Amino acid sequence: EAGVAQSPRYKIIEKRQSVAFWCNPISGHATLYWYQQILGQGPKLLIQFQNNGVVDDSQLPKDRFSAERLKGVDSTLKIQPAKLEDSAVYLCASSPLGGRGTDTQYFGPGTRLTVL
Amino acid sequence: AQSVAQPEDQVNVAEGNPLTVKCTYSVSGNPYLFWYVQYPNRGLQFLLKYITWDNLVKGSYGFEAEFNKSQTSFHLKKPSALVSDSALYFCAVRENSNYQLIWGAGTKLIIKP
């Protein structure tokens, strides 16, 4: 079974530029998550999708971050414009059961973003 | 609100010795607990999860976790450490109101030859 795919793996941009990340979840997983992980910290949830609908985006900085999952499969996360403090690893995860109980999240390799 | 604590920033163990990475939690209702491992420049990999009434949970790569309700702990263990076990380990608990995972700060495990 193929895992969660993410691209690119690394990205370096200058502040005020825009950047987009792509994620393809495990086949059949209805729930998709985007996390931000600052070096040395645990992941912080940015947004959660159930199929193509948003379940929770309360921690997404909506003035600069946006995400979509138009067909309920793959997803893109965009930052525009980027700030220095956006330097982090952006992790995508998916889970089969809607996030409840013992539902397990499976993570992609992440995209390491450096903002100069 | 649910919370999880990993009291040790780093744990050092000699290869071949048993290892323990500690996790304590605070939760209302049934606890749904998880352990993940993160190798350098890699995403998080699922190791194991707590399923109700199963106090010793076995997971991937020879790891197991011991659930202790009275001590509200879910410590990760392995009988004999390998150098390749060196990584960052995260404990997480599921929030019962919105089902999000609440993550610990992580524990860096270093296994010395």
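Here, the structure is the one placed above.
Residues numbered from 1 in each chain as written. Chains lettered and ligands numbered in written order. Predicted model: local features only at pLDDT ≥ 70, side-chain atom pairs only at ≥ 80, totals over all residues. Heavy atoms only, no water.

## Topic: the state of the cysteines
Tallying each qualifying case throughout the model produces two disulfides over all chains. At a sulfur-sulfur separation of 1.9 Å, the disulfide partner of A:Cys23 is A:Cys92. With the S-S bond torsion at -70°, the cross-link from A:Cys23 to A:Cys92 turns out left-handed. In this pair, A:Cys23 is assigned in strand β3 (residues 19–24) and A:Cys92 in strand β9 (residues 88–95), connecting sequence segments 69 residues apart. Using a relative accessible area of 0% as the deciding quantity, one classes A:Cys23 as buried. A sulfur-sulfur distance of 2.0 Å marks the disulfide that ties B:Cys23 to B:Cys91. Across the S-S bond linking B:Cys23 and B:Cys91, the dihedral sits near -60°, which makes this disulfide left-handed. Linking B:Cys23 in the loop between β3 (19–21) and β4 (24–26) with B:Cys91 in strand β10 (residues 87–94), this pair joins segments that are 68 residues apart in sequence. A relative accessible area of 0% means that B:Cys91 is categorised as buried. (Disulfide = S-S within 2.5 Å. Helix = DSSP H or I, 4+ residues; strand = E, 2+ residues; numbered from the N terminus. Buried < 20%, exposed > 50% of the residue type's maximum accessible area, 1.4 Å probe, protein only.)

## Comments concerning the layout of surface pockets
If you add up the space inside the largest pocket, you get close to 570 Å³. Contributing to the lining of the largest pocket are 28 residues, with A:Leu39, A:Gly40, A:Arg112, B:Gln38 and B:Leu88 lying nearest its centre. Elements represented by at least two residues in the lining of the largest pocket include exactly β9 and β11 (111–115) of chain A together with β10 of chain B. A per-element tally of the lining of the largest pocket places β11(A) first, with four residues. As for the second largest pocket, its lining consists of 13 residues, and the residues nearest its centre are B:Asn30, B:Pro31, B:Tyr50, B:Phe67 and B:Lys69. Grouping the amino acids of the lining of the second largest pocket by side-chain chemistry returns six nonpolar, six polar and one charged. (1 Å grid on protein atoms, 1.4 Å probe; cavity = no way out; pocket = protein on both sides within 12 Å on 5 of 7 lines; lining within 4 Å. Points joined across faces, edges and corners; volume = space filled by probe spheres on them. Nonpolar A, V, L, I, M, F, W, Y, C, P; charged D, E, K, R; others polar.)

## What about the side chain of A:Asp56?
With respect to the element layout, A:Asp56 can be found in strand β6 (residues 53–56). Within the buried core, A:Asp56 has no salt-bridge partner, and the shortest N-O distance to an opposite charge, that of A:Lys62, equals 7.2 Å. Side-chain polar atoms of A:Asp56 contact the side chain of B:Gln100, separated by 2.5 Å. Setting aside its immediate chain neighbours within four residues, A:Asp56 contacts A:Leu46, A:Ile47, A:Gln48, B:Asn98 and B:Gln100. (Lys, Arg positive; Asp, Glu negative; His and termini not counted. Salt bridge = Lys/Arg side-chain N within 4 Å of Asp/Glu carboxyl O. Polar contact = N/O pair within 3.5 Å; in protein donor to acceptor, adjacent residues only side chain to side chain. Contact = heavy atoms within 4.5 Å.)

## A short note on the sheet that holds strand β8 (residues 75–79) of chain A
All names here are of chain A. What the four strands build is an open sheet, ordered β1-β3-β8-β7; its pairing is antiparallel. Where the open sheet ends on each side, the last strands, each with one partner, are β1 (5–7) and β7 (65–68). Each strand axis lies, on average, 15° off the axis of its neighbour in the sheet, ignoring direction. Across five bridges, β3 lies against β8 in antiparallel orientation. For cysteine 23, the partnering residue across the bridge sits in β8 and is serine 75. (Pairing = 2+ DSSP bridges. Axes fitted to C-alpha atoms, helices over the stretch in contact; angles between N-to-C directions.)

## Overview of unusual backbone geometry
Residue and element names in this part refer to chain A. Residue proline 8 is reached from serine 7 by a cis peptide bond, and omega for that bond is -10°. Along the chain, proline 8 turns up in the loop between β1 and β2 (10–13). In this chain, glutamine 80 is followed by proline 81 through a cis amide linkage whose omega measures -5°. Tracing the chain through its elements places proline 81 in the loop between β8 and β9. Although it is not a glycine, arginine 16 adopts a positive phi angle of roughly 80°.

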